[in-house]
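The primary structure of each chain is shown beneath.
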Number of protein chains: 2
Amino acid sequence: MTENNLSQAMIPEGAEILENPNGTAPGILMEECGRMMVLLPGPPREMKAMFEESVRERIEKKSRACVLSRYYHLTGIGESAAEEALMDLVEGQTNPTLATYCKPDQVLIRVTSSGRNREEAEKFQENYDIIIRQRLGEYLFTESKDTLPEWAGKTLIEEGLTFASAESLTAGMITSTLAEVPGISSVLRGGIVCYENPVKEKVLGVSGETLRRYGAVSEECCREMAVRIRAIMGCDIGVATTGLAGPAGDEGKPVGLVYTGICTKDGVRVEENHFRGTREDIRVRSMNKVFKMFRDYLKERKTV
Amino acid sequence: MTENNLSQAMIPEGAEILENPNGTAPGILMEECGRMMVLLPGPPREMKAMFEESVRERIEKKSRACVLSRYYHLTGIGESAAEEALMDLVEGQTNPTLATYCKPDQVLIRVTSSGRNREEAEKFQENYDIIIRQRLGEYLFTESKDTLPEWAGKTLIEEGLTFASAESLTAGMITSTLAEVPGISSVLRGGIVCYENPVKEKVLGVSGETLRRYGAVSEECCREMAVRIRAIMGCDIGVATTGLAGPAGDEGKPVGLVYTGICTKDGVRVEENHFRGTREDIRVRSMNKVFKMFRDYLKERKTV
C-alpha cells in the first residue's frame, strides 16, 4: 500500500465515514453546532455516487424548505428555439426557476420550485407544466433526466420489445450505449458491427448486388441491413446505420450523409440524414436518430 | 432564425472572427496595446477545437518563452504508485514540472518545461525522461496523450493488422471506441455483439455444449468466442469479452467476473479478471484489458 493510499484512511476524531463504492478514498461527514461539513472524493464518478447514496437525504432532512425539480427532455428542437418558446417564463421569475441544458440532439428543461412542503412546491409548478406541454409537448420524449438512449433502453424493457442492431459507422455504439441500462439483458439480443463491406455481405447477408449497384452508403443498403438483422436475431426491433463520419467522403458521397433504418413487424423505414460536426458528432447523431425513429414508431403504433 | 442565434452574429467593430467548425457561435479575437483578448464558445467540444485551430499558434507566437510538454501514458499501475515512484521529481521542482492524471486503467504523466527556445526547453527534460523510463518503462504504452483505445487503433493501422471483436458485456464498446480513430476503416472489419446466449451459439458459433457445460461467463466460452470471430471475419486479431457487469450476478458467479480473450496467428489467450466498480466501470475495464492484452501480444511478438 502506498503512502498516498494510507493517507486516505486518516479520519478526523468523531467524524463519520461515508462508504465509497467506486474508489478507495472514503467520504467524511462532521456535524457541530447545527452545521454539517461534508468531504467528498474528487473524481466526479465517486463524488456523485457518494452524494446520492449518503449525503442528499441528510441535507434534505435538515432543510426547512422543500425544493422540487421537474424535468422535461425534448428532441427535434434546438436549445435556442426551446428557450425562445419559454422566454416569458424564463424572464423575471424566481419561483419556480426554469433552466435549459443542451446535449447532442436533446434539450433538457429543468423547473425548480420551493415551498414549505412538497404540496406547496408542486403547486407552484402546475402552471409551468401546462404551458410547457402546450408549447413544446410534440418534442417531449420523457419527463426525466434520462437521455434518449436511456429512455430507449428503459422503454424497450418496459414494453418487452427485443432489439438488435446492424451498425456500420456507429460501429457498436447503439448496443454499447443501450447496455449501460441495468436490466437490458431481458431485451437486448445483440448486433452485427459491419464496418467493412464484406462483413455487410457475408455475415449480415446484404446482397452483393445492392452493394455494387447503390454502394454501402445508400437507402437500399440500410433497408436490407435493418431487415436482415431483425431476421437473423429474431427480434421485435431491428435498426441499422450506414454513412460517412469522415474525415473523407467516399463513393462521391459527402461526409455527414447517413442512412438510419428501423424494421418492425409493421415494416421497414429508412431516413436520409445530413449531419454536421466532427466525426464523433456524426456518429452520436446517427445513434440518436435511430432512437428518435424508435420513438416515432411507438407514437404511431399507439395512435393506430 | 431565433433571436438567440442572431445575437451570436453580433461582433465588436474591428474584431476578428474565428470560425466554429462544430457549432453556430463564432469566436472573437481582439488585439489592442499589445494585449490579446479571445472569446470562445462555451461548449467544450466547440471551444477546444477552436482553440487548437485558431488560437494556440497565435498565443505561442506572442510568447517570449517556449513551453514544452511531454507525455508518458502508463497502464497496469495505479496513480498513487506512479506518483510515489516519482515523488523526488514532483517535490520542490519548478522547471520542469511534473503532474500525473488518472483515467480508468491509465495514468498520464505530463512533464512541462520552459526555456528561451525549444532546444533549451528540451534540454531541461532530458534527465526526467531517463528517470521516468528507468522507473516506469515497463508500464509505458505510448508517449502521447492517446488513451489505450486510441493507441490501439493507431497501432492497428500502422501495423496493418485487421481486427474484429466478439463482445458480450462490452456490447460493441470495443469496436465503437476504435471507430473514433480516423482511418480505422483500413483495418477494422467489424464485430458480433452477442449479448444473449442464443446469439453466441447461432450467430457467432460457440458450441451449445460449451454454453451448457461451462456457462457463457467462462474461460471456455471466451476462448471459442475469440477463435470464432477471427475465423468468421478472416482477420489478424480477434478479441472477445464475456462477464458480469451487474447489478446482479448469474450462474452463481459474482459481479465483476470477466473473461477477456485474444486470438492471433500465434494462438489464443484468455484471462480471468475480477473488476470492481459500477456497471460502467466493469465494462470499460473489460475493454481496456483487451487492449492491454493486444499490447502484450505485440511486445512478446517483437521480442521473439
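Here is what the cut-offs are and how they apply
Residues numbered from 1 in each chain as written. Chains lettered and ligands numbered in written order. Predicted model: local features only at pLDDT ≥ 70, side-chain atom pairs only at ≥ 80, totals over all residues. Helix = DSSP H or I, 4+ residues; strand = E, 2+ residues; numbered from the N terminus. Contact = placed C-beta atoms within 7 Å. Nonpolar A, V, L, I, M, F, W, Y, C, P; charged D, E, K, R; others polar. Pairing = 2+ DSSP bridges. Core = buried A, V, L, I, M, F, W, Y, C linked by C-beta atoms within 7 Å. Buried ≥ 20, exposed ≤ 12 C-beta atoms within 10 Å, placed from the backbone. Domains from an automatic or database assignment. Least-squares fit on C-alpha atoms with pLDDT ≥ 70 in both.

Caption draft 1: Main features of unusual backbone geometry. Backbone torsion omega between A:Asn95 and A:Pro96 reads 5°, so that peptide bond is classified as cis. Its place among the elements puts A:Pro96 in the loop between α4 (87-90) and β5 (97-103). In this structure, B:Asp105 takes a positive phi of about 65° despite not being glycine. Relative to the elements of secondary structure, B:Asp105 occurs in the loop between β5 (97-103) and β6 (106-115).

Caption draft 2: Representation of the interface of chain B and chain A within the structure. Contacts between the two partners involve 38 residues from chain B, matched on the other side by 38 residues from chain A. It is strand β9 (residues 188-193) of chain B that contributes the most residues to the side of chain B that touches chain A, six residues altogether. Taken together, the residues of the side of chain B that touches chain A break down into 15 nonpolar, 14 polar and nine charged. Here three bridges tie strand β9 (residues 188-193) of chain A to β9(B), and the two strands are oriented antiparallel to one another. Within β9(B), the position partnered with A:Val193 by the bridge is B:Gly191.

Caption draft 3: Main features of the nonpolar core. Counting 106 residues, the largest nonpolar core has A:Ile229 and B:Ile229 as its most contacted members. Filtering out sequence-adjacent residues up to four positions away, A:Ile229 remains in contact with A:Ala164, A:Ser165, A:Ala166, A:Gly191, A:Ile192, A:Leu204, A:Gly238 and A:Ala240.

Caption draft 4: Focus on the environment of B:Lys200. Residue and element names in this part refer to chain B. Here lysine 200 shows up in helix α8 (residues 197-204). You can call lysine 200 buried: it has 27 C-beta atoms within 10 Å. With 34 residues separating them in the primary sequence, lysine 200 and alanine 166 have C-alpha atoms 8.7 Å apart. What lysine 200 contacts, discounting residues up to four positions off in sequence, is Cys194, Val206, Leu211, Ala216 and Met225.

Caption draft 5: The arrangement of the domain arrangement of chain A in detail. Domain assignment breaks chain A into domain 1 (3-62), domain 2 (66-142) and domain 3 (148-303). Between domain 1 of chain A and domain 3 of chain A, the C-alpha centre-to-centre distance is 43 Å.

Caption draft 6: Summary view of the relation of the copies chain B and chain A. It takes a turn of 180° to lay chain B on chain A, together with a shift of 0.0 Å along the axis; the resulting RMSD is 0.0 Å. Taken together, the rotation angle and the small translation identify this as a two-fold axis. Scanning chain B for the C-alpha nearest the rotation axis identifies B:Gly172, at a separation of 2.0 Å. The overlap is high: 100% of the interface residues of chain B also sit at the interface in chain A, so the same surface is used on both sides.

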